Amino acid sequence: MDMSDKNRRLSEIPHDAAFYQPSYAASHTNEPASEVPPEYPYESTKSVDADSMEKPTAYEMTEHDVLAENERWPTPEEERTLLRVADRVPAKAFLIIVTEFCERFTYYGVSGIFQNYIQNGYKVSGSNPGAIDGGKNMASGLGNFFQFWCYITPIFAAIVADQWWGKYKTILVFAMIYMVGDIVLTLTSIPASIQHNGALPGLVIAMIIIGLGTGGIKSNVSPMVAEQYRRQRPFVRKLKSGKEVLVDRGATIQSIFNWFYWAINVGGLSAIATSELEHNVDFWPAYLLPTLMFVVCIGVFWAGRNTYVRTPPTGSVLVKAVKCLTTGFKQSRKSKKAGSVLVTDEGKKKNWMEYAKPSNMIDPPAGVTWNDTFVDELKRTLKACKVFVFFPIYWLCYGQITNNLVAQAGEMDTGSVPNDIMQNIDPLCLIIFIPIFDKVIYPGLRRCGVIIGPVTRIFIGFILAAIAMAYAAIVQRLV
């Protein structure tokens, strides 16, 4: 078999098929008939009952599903039984991962020393490093505001990317804004500025600008890194050992994001460096280091401009969802006034969102760009969002790492170790455990047939967070 047979594309399949099925692939490639397994149910000459025959999974056709050497399409049986593994991470995805590492290095580098910077006085003998002398309450309050602001701005930036700019341009523009905030923070932390009361206004301005910048990056960088892997359907790859495995898109995306979050936590260790600089030199070099790293961040991201997969903006689904919900509410009221109430087959009133479906509308308003299927999907999405009800409690606990737990460490005898360096135990543990879970624990569980779903993982994380906060409360009682 020559290489032209090996590098066959989905484009060889007749384009009247809406989906590309494994059985269909085997019968329409250039493979010799002898290479189709005789037990393959859709290639067998035996009479098979249609109801008892196992149907293969359907996959959307895409020109990116290209078979290389030692690769082939799986049979339905192989899709069920072969070990699922991740594909290689594309180099362009690694460029975005490095970009995120640099951005997180900057974010955690500057925010990791906020508590001391705000709480303590400047060059006070026998005290932890500081600048503003605002006390614990001001430090915790401004720290919580900064985190809140950094998690609100991604909503605005996501709309900008989806409606107008696209992810690449949005990230690049907001990175420039981010850079301005870093420069403001660095310049207002020099001794002359601190001594002339310029540190606090400079910090607040920098927090607002940096929060806006990080929002533009945060909302777009994770979906953009996932877009860099284009293959949709699983395929069989023969390893050098001769063993065959099923390369799965889901496992590959999970692997990409494991690397992505591992890079985030490596970047989070920057607070170790900035804490040492703050403790042994001053605040301005502690803020200068992350600022310089952000220059690298912009450079790395810009370097891949000609290789990235860029999905053009097609309109924000958030804006579309809000319009759909408001239209459903208005149509529901209009229908009730007109005495035209939707009911189920059992005679029960239908949910008010049913009125958002174009097929159920009375005098449909202009600007309806969705169909009935979109409304059904939106209903399922809102139902699934119930899992997020408990997230604010978790993040309230997690946020203590950068403020109250830093202040708690400041009340202890830490020797020559800066009190705000303790928070770096969190990313350090994640750096160690993420590769272990990605390469050992999760694959091992999959081999044993044990699949731990996302909700179960979240539940376990909540339990561990609750135990940690109970322990911190006991320690505080003893301090």
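Computed from a prediction, not measured in an experiment: that's the story for all the values here.

Reading the values: rules and limits
Residues numbered from 1 in each chain as written. Predicted model: local features only at pLDDT ≥ 70, side-chain atom pairs only at ≥ 80, totals over all residues. Heavy atoms only, no water. Helix = DSSP H or I, 4+ residues; strand = E, 2+ residues; numbered from the N terminus. Buried < 20%, exposed > 50% of the residue type's maximum accessible area, 1.4 Å probe, protein only. Contact = heavy atoms within 4.5 Å. Phe/Tyr/Trp six-rings, centres within 6.5 Å; stacked < 30°, edge-to-face > 60°. Lys NZ or Arg CZ within 6 Å of the ring centre and 35° of its normal. Axes fitted to C-alpha atoms, helices over the stretch in contact; angles between N-to-C directions. Parallel < 35°, antiparallel > 145°, perpendicular 65-115°, else oblique. Left-handed = near helix turned anticlockwise from the far one by under 90°. Nonpolar A, V, L, I, M, F, W, Y, C, P; charged D, E, K, R; others polar. Disulfide = S-S within 2.5 Å. Pairing = 2+ DSSP bridges. pLDDT = per-residue confidence, 0-100. Polar contact = N/O pair within 3.5 Å; in protein donor to acceptor, adjacent residues only side chain to side chain. Salt bridge = Lys/Arg side-chain N within 4 Å of Asp/Glu carboxyl O. Patch = residues over 30% accessible without salt bridge, like charges linked within 9 Å, V, L, I, M, F, W, Y side chains within 5 Å. Areas by Shrake-Rupley, 256 points an atom, 1.4 Å probe, with all protein chains shown as cover. Lys, Arg positive; Asp, Glu negative; His and termini not counted. Charge placed at Lys NZ, Arg CZ, Asp CG, Glu CD. Expected span 1.5 Å × (residues − 1). Arc of directions from axis to C-beta.

A.B. asks: Give a detailed account of the overall build of the protein, specifying residues and quantitative values.
C.D. replies: Broken down by element type, the protein carries 18 helices and six strands. Taking all 479 residues of the protein together, 42% fall into the buried category. At a minimum sequence separation of 6, the contacts of the protein that also span at least 24 residues come to 74%.

A.B. asks: Pulling in residues and values, what's your account of the packing of aromatic side chains?
C.D. replies: Under the defined criterion, the tally for this structure stands at 27 aromatic pairs. Three or more aromatic residues joined by ring pairs form one cluster here, namely Y107, Y108, F114, Y117, F146, F283 and Y287. Its guanidinium or amino end placed over the ring of Y107, R104 lies 4.2 Å from that ring's centre, counting from NZ or CZ. Lying over the aromatic face of Y107, K218 brings its terminal NZ or CZ to 5.9 Å of the ring centre.

A.B. asks: Which residues make up the packing of helix 4 (residues 91–111) against helix 10 (residues 249–268), and what are the values?
C.D. replies: Running from N to C, helix 4 and helix 10 cross one another at 30°; their axes reach a closest spacing of 7 Å. Taken together, helix 4 and helix 10 sit at an angle that is classed as roughly parallel. The handedness of the crossing between helix 4 and helix 10 is right-handed. Contacts from F94, I97, E100, F101, R104, F105 and Y108 of helix 4 reach helix 10 at I256, W259, F260, A263, I264, V266, G267 and G268. Partitioned by chemical class, the residues of the contact of helix 4 with helix 10 number 11 nonpolar, two polar and two charged.

A.B. asks: Describe in detail the state of the cysteines, supporting the description with residues and values.
C.D. replies: As enumerated under the stated definition, the model contains zero disulfides in all. Counting only cysteine sulfurs, C297 is the nearest neighbor of C102, a cysteine outside any disulfide, at a range of 5.4 Å. Relative accessible area serves as the criterion here: at 2%, C102 is assigned to the buried category.

A.B. asks: How would you explain the sheet that holds strand 5 (residues 235–238) if you had to name every residue and give the values?
C.D. replies: Read across the sheet, four strands follow the order 3-5-6-4 without closing on themselves; strand pairing throughout is mixed. Pairing within the sheet leaves two strands with one partner each, and these edge strands are strand 3 (71–72) and strand 4 (84–85). Of the pairings in the sheet, the one linking strand 4 to strand 6 (residues 244–247) comprises two bridges and is parallel in character. Bridging from a neighbouring strand, R84 pairs with L246 of strand 6.

A.B. asks: Which residues make up the confidence of the model for the protein, and what values do they have?
C.D. replies: Per-residue pLDDT for the protein has a mean of 83; in total, 87% of the residues score no lower than 70. Counting contacts from residues 1–56, a segment whose pLDDT is below 50, to residues more than four positions away or on other chains yields 89 contacts.

A.B. asks: I'd like a rundown of the side chain of D87, residues and numbers included.
C.D. replies: Its location among the elements puts D87 in the loop between strand 4 and helix 4. Residue D87 is classed as buried on the basis of its relative accessible area, which comes to 10%. In terms of polar contacts, D87 uses its side chain to reach the side chain of R237, at 3.0 Å. Not counting residues within four places of it along the chain, the set of residues in contact with D87 comprises Y229, R231, F235, R237, V247 and T252.

A.B. asks: So what's going on with the pattern of salt bridges? Residues and values would help.
C.D. replies: Under the criterion given, the structure shown has 13 salt bridges. Notably, a salt bridge pairs E78 with R72, separated by 2.5 Å at the nearest N-O pair. Overall, E78 belongs to the buried group, its relative accessible area being 14%. For E103, the salt bridge goes to R104, with nearest N and O atoms at 2.6 Å. When sorted by exposure, E103 lands in the same class as R104, which is buried. One network of salt bridges, in which partners are shared, links E71, D87, R231 and R237.

A.B. asks: Give a description of the packing of helix 4 against helix 9 (residues 199–227) that names residues and reports values.
C.D. replies: Running from N to C, helix 4 and helix 9 cross one another at 155°; their axes reach a closest spacing of 10 Å. Between helix 4 and helix 9, the angle falls in the class roughly antiparallel. Crossing geometry of helix 4 relative to helix 9 is assigned as left-handed. Residues A93, I96, I97, E100, E103, R104 and Y107 of helix 4 lie in contact with helix 9, whose contacting residues are T214, I217, K218, V221, M224 and V225. In terms of residue class, the contact of helix 4 with helix 9 is made up of eight nonpolar, one polar and four charged.

A.B. asks: An account of a positive patch on the surface is needed here, citing residue identities and associated values.
C.D. replies: Taken together, K243, R446, R447 and R457 make up a surface patch of like positive charges. Structurally, the position occupied by R447 is in helix 17 (residues 425–447).

A.B. asks: Account for helix 14 (residues 372–384), naming residues and giving values.
C.D. replies: Relative to the 18 Å expected for 13 residues at 1.5 Å per residue, helix 14 spans 19 Å between its end C-alpha atoms, a close match to the ideal helical length. Considered for burial, the residues of helix 14 that qualify are F374, V375 and L378. On an axial view of helix 14, the arc spanned by its buried residues comes to 100°, and they lie on one face. When the buried face of helix 14 is taken as reference, the exposed residues oriented beyond 90 degrees from it are R380 and K383.

A.B. asks: Let's hear about unusual backbone geometry: which residues, and what values?
C.D. replies: Phi angles above zero are rare outside glycine, and N70 is one such case at about 70°. Using a relative accessible area of 42% as the deciding quantity, one classes N70 as partly exposed. Unusually for a residue other than glycine, D133 sits at a positive phi of about 60°. Structurally, D133 is set in the loop between helix 5 (114–119) and helix 6 (135–165). The class for D133 is exposed, based on a relative accessible area of 57%.

A.B. asks: Give me the pairing of strand 6: which residues, what numbers.
C.D. replies: In this sheet, strand 6 lies alongside strand 5 in antiparallel orientation, the contact comprising four bridges. Along strand 6, the bridge assignment pairs V236 with L246. Turn length for the strand 5-strand 6 hairpin, with the two strands adjacent in sequence and antiparallel, is five residues, and the turn residue G242 shows positive phi of about 95°.

A.B. asks: An account of a nonpolar patch on the surface is needed here, citing residue identities and associated values.
C.D. replies: A cluster of nonpolar side chains, contributed by F145, F148, I152, I155, I208, V317, L318 and V322, occupies part of the molecular surface with about 690 Å² of accessible area. Among the elements of the structure, helix 6 and helix 13 (317–337) are those that each provide at least two residues to the nonpolar patch. The dominant element in the nonpolar patch, judged by the number of residues it contributes, is helix 6, at four residues. With respect to the helices and strands, the residue V322 is situated in helix 13.

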